Amino acid sequence: MTEEGKKGILDILKIISESKELELEDVVIDADELTLEISAAPAGKPEYLKLSLEPLTPGGQKIEFLLETTSYGVRLVAPAIPPPAAPVEKPKEFINLKFEYPVVKYSGEIVEVTIGALRGQGGSRGKIVKIGGDKAPPFYLFESKPLNRPVVALDVFDTPPPLAGPVRKAYQDVLQDPAEWAKKCINTYNADLISLHLVSTDPLGENRPVREAMKTVENVLQAVDTPIIIGGSGNPQKDTELFAEASERFMGERLVMASITLDMDIPKVVEPIRKYGHNAIALAFMDINQAKELSRKILDAGLPKNHLILDPTTGALGYGVEYTYSTMERIRLSALMGEETLQVPLSCAATNAWAAREAWMKVEDWGPRELRGPLYEATTALVGLLTGANLFMMMHPLAMKIVKAFAEAMVKEGWKEEKPYMNWVKARF
Amino acid sequence: MPKILRPLDVYKHLPGTNCGKCGEASCMAFASKLIERKVTPQQCIPLYEDPKYSEKLQKLLETIRPPVKEVWIGVEPNILRIGGKEVLYRHELTWRNQTAIMIDIHDEMSPEEVKKRVGFVDSFKFIRIGKELTLDGIAVRCVSENPEKYVKTIAEIMEITNKPIILCSTDPNIIEEALIVASKRKPLIYVATKQNWREIGELAARYKCPTAITAEDLSTLKSLSATLTRNYNIDDIVLDPQIKIGNIAETLSTITALRRAAVEKEEKELGYPIMTAPAAVWSIEEGDENDKKILESVIASSLISRFVDLVVFHTIDTWTIIPIVVWRDCVYTDPRFPPGVKPGLYEIGKPNEYSPVLSTGNFALTYYLVRDDVEKAGINAYLVIVDTEATSLQSSVAGKKYTSDKVIEAIKEVKVGDRVKIKALILPGYAARLAGEVEDALMGDGWTILVGPRDSGEIGAFYEKVFKPWLEEKIAKEKEVKTNF
C-alpha cells in the first residue's frame, strides 16, 4: 500500500474513532488485512460502533460488524462472517387452516349439591349455595361451562388454634367469639359460607361436651344468613355423636357435616345425616381407591348422592399438594368417564397451606409474609381449582379474594379484553 | 393415553452394527437410552455420516419425536430445553422439561436497572430438599423502537450473563439488527405474526434460531405454524396463544384445547411448546402494585398447572416467585412415588444419654427440614422416623398415618430407650393431641412426652426454653433420689 493510501485510511479511521456513527459511500477498500486502531473508551460502560460494508456487486453480501470499546480495549461482538443467503424459492404463501376444538364426550356428570336451606323451605338461611353439576373437567370451557361457580368458605374455630401471624391479624378482634368471627367473614370479607370447626370437642384436647358445641352452632346460624359447614375434631366416635346431635337439632338446614372417614361406623354416622336431610363430606387420604371405597360405603348407607361431597385431602404447596393435584384430577376424570361413586363435588382445604413455613415464617429474604402468606394459600387453592375442586375452605381474606376472582371468571359471560395482549412487548413497565 | 415406545421400536431404525462409536455396548442399549432421553440421536455417528442410513435416520427421528417437540434455546452449556411433553395429564407419565421462567428487561431501562434484573436472574436461588430452584433466562423487549438502543441493551446483557435470551419485537428490522449481535447465542425470536411472518420466517431460517409465533385465535396460530414449516422448513417453533388477562378461565381453556389437539389428536402444527407472558398484567391492569404482583404470580402458577412450557415474568420480588418455583418443582416430580426416607432411628450430631428423642414422619422434605433445623440449632438428638407413607406430617396427622400407635411401635422397635438415661420424647406440635395416649403407653418404660413446636424452625428456642430447664430439673431430682437412698 502506498504511503498516501495508508494516510488516507488512517484519516478515515481517525474520523471513525472520534465519531459515534459514520457512513461512507462509494468508497472501495481493497486490502487483504484491515487494521482499525480505535482509542479505548473512558472507564465505565462500553460503547458500540457499527460498521456495515455494502457489497460492490449487486447480489453480493452485506457485511456488518459491531465493535465494542471499553477501557480494556476493543473487541468484535458481532459475527464478521456473512450469514448464508436464503436460497431463492417459489413465492411464499400463507396457509389457512382451521382449528377444531378437540371435544370429548363424557358418559358421566357431577351431581349438584345444595348447601343451606332458605327460610320457608325448611331452613333459616337468607342465601344458599349450589356446587357441582360439572359436565367436563374444570377450565375446559370449550366443552362446557360449569353450572355453578366454585365457592369459598372461610374457617371459624370455636377454640382459636395457633394461627399464623397474617391470619391472626385478619381476625384478631373476633378470635374469642365464633359468632362475631363468622359475621366478620361474611360481612367484611364477603365469604360465600362458613366452615365452623368445633375443635373444642376433641376428647384428646379440651373435650367439651357436644351440647355446648350446639350452642355455638346456634349462635353462628343466628349471626350470619349464609349456609354453614360443621367441622368436628377428627375423633371418629365423638364426631359421630356431634353430627348426630347437630343433624337432629338443626333439621332442615341442609348443613354439611365434615367429615366422614373410613375409621367411622359408617351406617351409624350416615343415618341421622340422611334422616334430617343434611350433606356430608367424605374425607379420603390422597388416594382414589380409598375415595371410591368410602363413597361407596356412604352411598350404601343411604345418603343420597346429591348430598355427598368428596375431600381427597389437600397438602400444602411444597408439602404434597402435587398428590392432591393428581388425585383430584384422576377422581374428576374417572367420574366423568362413568365412575358412579366419584360423581360428586370436590372439596379442598387450602387452609393447610399455612403449615408451610414458606407461608408464615418471618424471613427477610423471602419478602413480607403479609403478602407472601396469602399468595401461598391462594396458590395452593388454585392447584385444587384447576383439578376440579368445587368448594374451598380457606383462612386469609386476601387469598379467598384471589380464588373467588378465578372462580368467577369460569362462569363469566360476554367478556371482552380492554387492551390487546400484544401490548406487553412494547409497553414501558 | 401416552404413546409408549419400546426399545425394539427404536432399534429397527438404528444401523444395528454395534459399532460402539456412541459409547454404548450395543445398538439395543443405545435404543433404550434414546427412549429415556439419556442420549441424543446425534451420538450415533454412522447414522448421520453414512448416506446409506439417511432413510433410517429420518424414520428414527419421526419415531422418537414426542407429540410436543422439544425446542432448544441457547448454546452449550446453557441450553434451555422446553416442551418435549408426551402426555396431557401428570398422572399418566412424569412431565418432561420444567416450565422455563424468563424475566423481562426492556431497552429503556437504565443500565443500573438492567444490571439489577440480570443479576437477580443469575443469582436467584430457593433451596428445597437440598435442590436449588432457579430462574432460566431473560426476555429482552424493544420498547424504544430504536434498533441501536435495543442492540446496545442486548450486548450489555450478553456481557454479564450466559443465560438464554428471547428477543422480543414485532418489527423484523429490529429483530434482524438484534440477531446480528445475538444469533451466536441461539436466542428465541419473539415473534412471528400474521403480519410479519415472511420477514421473521426468513430471519429464523437464515440465522437458524427458534422462533415463537402468536395469534389471537387458534386457527390463525395453527395456520402460522404450518406457514412457517412449509415455506421455510422451520421446525423449532414455540406457540403463544396469548393470555386474556381479563378472563383467565378462557386462557386456560384455550391452552388446554391446544395441547389436547397436539397430544391426543396428534396435530403436528400444534405439536410445539407453549409459551406466554403473565408479564402482560403490567400493560393491561391498572391500580395497586401489590394486586398486580399477586395476579401475575397466580397466573403463572395456573399456567404451570396446565403444562405451559415457558412464561415471561416481570416482578422480581422473591415473595411472588417462591410459590411459582415451588409449584413448578412439585408438579414435575414422578407422580407415582412421594419422596420418602426409610423409617427408623437416625442420629443428628453426636447424641449422648442425655439427648432428646425427636419424632416425625418419613416424607423426605419433612425429614430434611427437621434434620437441617436441629443441626442449625446445634442440638445433638435422636430422630425416630415413623412410616407415614411419605406424606407430610400435617397431612399424616389428619389422615391418621402418624398415630399414637405408630409412634409407640416405632419407639419400641428402634429400642432408643436403651440409649438414653433420661427418656424424653419430643412429639411434633401438629401431633400434640397424641401426647396423652403416647405417654400412657410409654410411661411404664420411664418416658416423658414433651410437645415440640409445630415447625422445626423453632426447635432451637424450644430446646433452650423448654427442654433444657426440664432436663436440668429432672437430673437434679434424680440426684436427690439417689442421695436419699
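Check the entry above for the structure.
As the structure is a computational prediction, the values presented were derived from the model and not from experiment. (Residues numbered from 1 in each chain as written. Chains lettered and ligands numbered in written order. Predicted model: local features only at pLDDT ≥ 70, side-chain atom pairs only at ≥ 80, totals over all residues. Heavy atoms only, no water.)

For chain A, the count of helices and strands is twelve helices and 13 strands. Taking all 429 residues of chain A together, 55% fall into the buried category. Taking all contacts inside chain A whose residues are at least 6 apart in sequence as the whole, residues at least 24 apart take part in 66%. On chain A, roughly 19500 Å² of surface is accessible, and the fraction owed to carbon and sulfur atoms is 51%. (Helix = DSSP H or I, 4+ residues; strand = E, 2+ residues; numbered from the N terminus. Buried < 20%, exposed > 50% of the residue type's maximum accessible area, 1.4 Å probe, protein only. Contact = heavy atoms within 4.5 Å. Areas by Shrake-Rupley, 256 points an atom, 1.4 Å probe, with all protein chains shown as cover.)

All names here are of chain A. Throughout the structure, instances matching the rule amount to 18 aromatic pairs over all chains. A centroid spacing of 5.0 Å and a plane angle of 85° characterise the contact between phenylalanine 99 and tyrosine 101, whose relative ring orientation is edge-to-face. Given the relative accessible area of 42%, tyrosine 101 is considered partly exposed. Pairing tyrosine 171 with tryptophan 181 gives two aromatic rings, centres 5.5 Å apart and planes at 40°, and the pair type is tilted. (Phe/Tyr/Trp six-rings, centres within 6.5 Å; stacked < 30°, edge-to-face > 60°.)

In this section: helix H9 (residues 218–232) of chain B. Residues and elements named next belong to chain B. Helix length check: H9, at 15 residues, gives a terminal C-alpha distance of 21 Å against a target of 21 Å (1.5 Å per residue), a fit within 8%. A large share of H9 lies buried, amounting to 13 of its 15 residues. Residue aspartate 217 occupies the N-cap position of H9, its side-chain oxygen lying 3.2 Å from the main-chain nitrogen of serine 219. Asparagine 233 sits one or two positions beyond H9 and adopts a positive phi of about 60°. (Expected span 1.5 Å × (residues − 1). Polar contact = N/O pair within 3.5 Å; in protein donor to acceptor, adjacent residues only side chain to side chain.)

What follows is about the packing of helix H10 (residues 369–385) of chain A against helix H11 (residues 397–411) of chain A. Residues and elements named next belong to chain A. In contact at an axis separation of 7 Å, H10 and H11 are set at 35° when each is read in the N-to-C sense. The two elements H10 and H11 meet at a crossing, and its hand is right-handed. Taking contact as the criterion, the partners of Leu371, Pro374, Glu377, Ala378, Ala381, Leu382 and Leu385 in H10 are, on H11, Leu398, Ala399, Ile402, Val403, Phe406, Ala407 and Met410. (Axes fitted to C-alpha atoms, helices over the stretch in contact; angles between N-to-C directions. Left-handed = near helix turned anticlockwise from the far one by under 90°.)

Listed as interface residues are 96 residues of chain A and, on the opposing side, 124 residues of chain B. Between chain A and chain B, roughly 9600 Å² of surface is buried when both sides are summed, and carbon and sulfur atoms account for 62% of that area. Of all residues in chain A, Tyr421, Trp424 and Phe429 of chain A give up the largest surface area on contact with chain B, accounting jointly for 9% of the area buried on that side. Residue aspartate 263 of chain A is joined to lysine 400 of chain B by a salt bridge in which the shortest nitrogen-to-oxygen separation is 2.9 Å. At the boundary of chain A and chain B, one finds 39 residue pairs in polar contact (both at pLDDT 80 or more). Secondary-structure elements contributing two or more residues to the side of chain A that touches chain B are strand S1 (47–53), strand S2 (63–70), helix H8 (321–336), helix H9 (357–360), H10, H11 and helix H12 (423–426) of chain A. The leading source of residues in the side of chain A that touches chain B is H8 of chain A, at eight residues. (Buried area = accessible area lost by both parts, 1.4 Å probe. Salt bridge = Lys/Arg side-chain N within 4 Å of Asp/Glu carboxyl O.)

Here the focus is the environment of lysine 468 of chain B. Mapping lysine 468 of chain B onto the fold places it in helix H18 (residues 459–484). In this structure, the C-alpha to C-alpha distance between lysine 468 of chain B and valine 71 of chain B, residues 397 residues apart in sequence, is 58 Å.

Okay, the environment of phenylalanine 94 of chain A next. Residue position: phenylalanine 94 of chain A is located in the loop between strand S3 (73–76) and strand S4 (112–115). Here the alpha-carbon distance between phenylalanine 94 of chain A and proline 345 of chain A, two residues 251 residues apart in the chain, equals 46 Å. The contact partners of phenylalanine 94 of chain A, leaving out residues within four places of it in the chain, are Lys194, Trp197, Thr220, Ser223, Leu224 and Thr227 of chain B.

All right, on to the pairing of strand S9 (residues 211–214) of chain B then. Residues and elements named next belong to chain B. Covered by surrounding structure in S9 are Thr211 and Ile213 together with Ala212 and Thr214, the residues of both alternating faces. Where strand S8 (residues 188–192) lies against S9, three bridges are found, and the strand directions are parallel. Following the sheet pairing, isoleucine 189 is matched in S9 by threonine 211. Crossover S8 to S9 through helix H8 (residues 197–207) is right-handed. (Pairing = 2+ DSSP bridges. Right-handed = clockwise from strand over helix to strand, strands pointing away.)

Residues and elements named next belong to chain A. At a closest axis distance of 8 Å, the pairing of helix H3 (residues 178–188) and helix H4 (residues 210–223) adopts a crossing angle of 35°. Crossing of H3 over H4 shows right-handed handedness. Within the contact between the two elements, H3 uses Pro178, Ala179, Ala182 and Lys183 and H4 uses Thr216, Asn219, Val220 and Ala223. The class makeup of the residues in the contact of H3 with H4 is five nonpolar, two polar and one charged. (Nonpolar A, V, L, I, M, F, W, Y, C, P; charged D, E, K, R; others polar.)

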